[in-house]
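Descriptive structure summary
Each chain, letter by letter, is given below.
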Amino acid sequence: MSGGAEILVAGGGIGGLCAALALARAGRRVRVLEKAAEFGEIGYGIQMGPNVRPMLERLGIADAIEPHAVYPDALVLADGLTGGELTRIDLGAAFLARYGYRYFVIHRRDLHGAIIEACRAHPGIALEASKGLVRFDDRGDRVIAFCEDGTQCEGAALIGADGLWSPTRAAVIGDGPPRMAGHFVYRGVVPAENIVDRSRQDSMVIYAGPNLHLVQYRLRGGTVMNNVATIASRRHARGERDAGGPDELEEMFERCDPRVRQMLRYVGRDRNWVLHDRPPVPGWTKGNVTLLGDAAHPMLQYLAQGACMAIEDAVVLAAKVSAHGNDLNRAFAAYQQERFYRTARVQITARAFGDILHADGGARELRNHLCAQRDPDFPAEVDWLYRGITL
Ligand SMILES: Cc1cc2nc3c(=O)[nH]c(=O)nc-3n(C[C@H](O)[C@H](O)[C@H](O)COP(=O)(O)OP(=O)(O)OC[C@H]3O[C@@H](n4cnc5c(N)ncnc54)[C@H](O)[C@@H]3O)c2cc1C
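So, here's what we can say about the structure. (Residues numbered from 1 in each chain as written. Predicted model: local features only at pLDDT ≥ 70, side-chain atom pairs only at ≥ 80, totals over all residues. Heavy atoms only, no water.)

1. A few points about the pattern of salt bridges
Counted under the stated rule, the structure contains 36 salt bridges. The partner of E6 in a salt bridge is R29, with the nearest N and O atoms 3.9 Å apart. Taken together, the residues span a long stretch of sequence, with E6 in the segment before β1 (7-10) and R29 in the loop between α1 (14-25) and β2 (30-33) at a distance of 23 residues. Note that R98 and D383 form a salt bridge whose closest N and O atoms lie 3.7 Å from each other. Note that R98 is positioned in helix α4 (residues 93-99) and D383 in helix α13 (residues 383-386), a separation of 285 residues in sequence. A relative accessible area of 32% means that R98 is categorised as partly exposed. Here D383 falls in the buried class, since its relative accessible area comes to 11%. Salt bridges linked by common partners bring E6, R29, R31 and E128 together as one network. (Salt bridge = Lys/Arg side-chain N within 4 Å of Asp/Glu carboxyl O. Helix = DSSP H or I, 4+ residues; strand = E, 2+ residues; numbered from the N terminus. Buried < 20%, exposed > 50% of the residue type's maximum accessible area, 1.4 Å probe, protein only.)

2. Side note on helix α5 (residues 108-121)
With 14 residues, α5 extends 20 Å from end C-alpha to end C-alpha; this agrees with the ideal 20 Å at 1.5 Å per step. Listing the buried residues of α5 in full gives R108, D110, L111, H112, A114, I115, I116 and C119. (Expected span 1.5 Å × (residues − 1).)

3. Side note on the pairing of strand β4 (residues 74-79)
Counting buried positions along β4 gives six out of six residues, so the element sits mostly inside the fold. Alternating residues of β4 divide into A74, V76 and A78 and L75, L77 and D79, and every residue in both groups is buried. With five bridges connecting them, β4 and strand β5 (residues 85-90) associate as antiparallel partners. Bridged to A74 within β5 is D90. What sits between β4 and β5 in their antiparallel hairpin is a turn of five residues, with G83 showing a positive phi close to 80 degrees. (Pairing = 2+ DSSP bridges.)

4. Comments concerning the packing of helix α10 (residues 306-323) against helix α11 (residues 328-357)
In a pair of packed helices, the angle between the axes and the distance between the axes together describe the arrangement. In contact at an axis separation of 8 Å, α10 and α11 are set at 155 degrees when each is read in the N-to-C sense. Looking at the two axes, α10 sits roughly antiparallel to α11. For the element pair α10 and α11, the recorded crossing hand is right-handed. Contact with α10, carried on its side by M309, E312, D313, V316, L317, K320 and V321, involves L328, A331, F332, A334, Y335, E338, R339, R342, T343 and V346 of α11 and no other residues of that element. Taken together, the residues that form the contact of α10 with α11 break down as ten nonpolar, one polar and six charged. (Axes fitted to C-alpha atoms, helices over the stretch in contact; angles between N-to-C directions. Parallel < 35°, antiparallel > 145°, perpendicular 65-115°, else oblique. Left-handed = near helix turned anticlockwise from the far one by under 90°. Contact = heavy atoms within 4.5 Å. Nonpolar A, V, L, I, M, F, W, Y, C, P; charged D, E, K, R; others polar.)

5. Side note on the sheet that holds strand β17 (residues 289-291)
Pairing is parallel in the open sheet, where five strands are placed in the order β7-β2-β1-β11-β17. Both outer strands of the open sheet, β7 (125-128) and β17, are each paired with one neighbouring strand and no more. For this sheet, the mean angle separating the axes of adjacent strands, direction not counted, is 20 degrees. Here strand β11 (residues 157-160) pairs with β17 via three bridges, running parallel. Each residue of the ladder has a partner; that of I159, found in β17, is T290. In this fold α1 packs onto β1, β2, β7 and β11, with an angle of close to 170 degrees to the strand it touches most, β2.

6. Here we look at the side chain of H112
Within the element layout of this structure, H112 appears in helix α5. When residues no more than four places from it in sequence are discounted, the contact partners of H112 are G12, G13, I14, L17, F39, G40 and E41.

7. Structural notes on the site of the ligand
Taken together, 31 residues lie around the ligand, and G15, E34, Q47, L133 and D294 are the ones closest in. In the model, a nitrogen atom of the ligand is placed 3.2 Å from a nitrogen or oxygen of the G306 main chain. For the ligand, whose unbound accessible area comes to 1000 Å², protein coverage reaches 83%. If you list the elements that add at least two residues to the shell around the ligand, you get α1, β3 (45-48), β12 (179-191) and α10. Per-class residue counts for the shell around the ligand are twelve nonpolar, twelve polar and seven charged. (Near = heavy atom within 4 Å. Polar contact = N/O pair within 3.5 Å; in protein donor to acceptor, adjacent residues only side chain to side chain. Areas by Shrake-Rupley, 256 points an atom, 1.4 Å probe, with all protein chains shown as cover.)

8. Topic: the sheet that holds strand β13 (residues 204-209)
Taken in spatial order, the seven strands of this open sheet run β5-β4-β13-β14-β15-β12-β16, and their pairing is mixed. Every interior strand has two partners, whereas the edge strands, β5 and β16 (273-277), have only one. With strand direction ignored, the average angle separating the axes of adjacent strands in the sheet is 20 degrees. Direction of pairing for β12 relative to β16: antiparallel, over a ladder of four bridges. Across the sheet, residue F184 finds its bridge partner in β16, namely V274. Sheet contacts for α11: β4, β12, β13, β14 (212-219) and β16; angle to β13, the most-contacted strand, approximately 65 degrees.

Shown next as structure tokens:
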């Protein structure tokens, strides 16, 4: 193991762990400081575009992930009010030929598990739980990280992969809290045999309705169905205090096709996720500190690319560190330069996709009209994204 002093990574989510793995494979020693008492992920699904698979290969974890991946035959967009299909992206031979890799879905715990196993097996990586970063001090030749438990760690640099509410970002950019979108998400994973309408079970399906949508796809060898319902709360838009609760969820789906309303049964009511994002802001890098993943470019989930971007970030960051030797300042600046426009485009496009999914009235009619003219073998809207990056 070479590479001088350790690099500190705040945050052991998908982004932070991939950064640790990528840097360690490039010969650096890395220490991951995770706030939670245990490293882990929530028990729901996640989609991985074709741009991710070559990154997983670079990280040496593609084979470990493969047994957990499920490959849908298509991404189907259906109208939530009628249940009818509007358009699709076929994920078969033409898709594979165009992008070189397939689209897959996976249980988050299986993905995170494979990444953390690879980190644990690497002698260059130290993983520390219950180490919430409170603040840091960049002293030019090193960075001191101060943790919630009163301890300090010293490293050559700090990567803030500490998510949406990143304290690292607060110090580097200082642009206040993220924007609350007023969108609320309910999730559920249920045995696949419990699903009444299984007519589209081999696909990843989005039912788009007025200010709402519902996503369904199978995980874990097809044995369980992942269900995600999102509402763009009208009560939130009106400034009401009880916005986004289970009663509003039911109320907003009332206009949907009975099959879609039935699918609402598969999401839990005990917990919801309140969506936030930010507009693109450059300046993720300051001296020996940089940001990665949601800390750098939090986005709405409507392109299903937040974690994909974090994984790409990790691989590019390590490539820049390798290219610039021990000059981490230059490496971090080059990393940001390379990542900013792509991630900014995803942030902005994700917002626009949300508006398209949630369209009502004339906008819904226009969406459905344009969808009917699409070529299912050419996903023009996301071609730039799925083509991935060159390293
Ligand atoms: C409903 C929904 C669906 C989504 N679907 C997809 C999808 O299909 N595909 C996709 O690619 N993306 C998807 N995303 C986005 C994706 O989940 C995130 O973009 C991704 O998890 C970000 O990873 P991260 O490592 O940057 O941040 P996080 O996953 O938030 O990890 C941050 C880590 O830092 C830790 N932490 C926080 N504060 C501190 C601190 N002070 N010190 C140390 N550690 C700290 C946290 O405990 C956590 O472990 C979805 C998001 C949502 C909300």
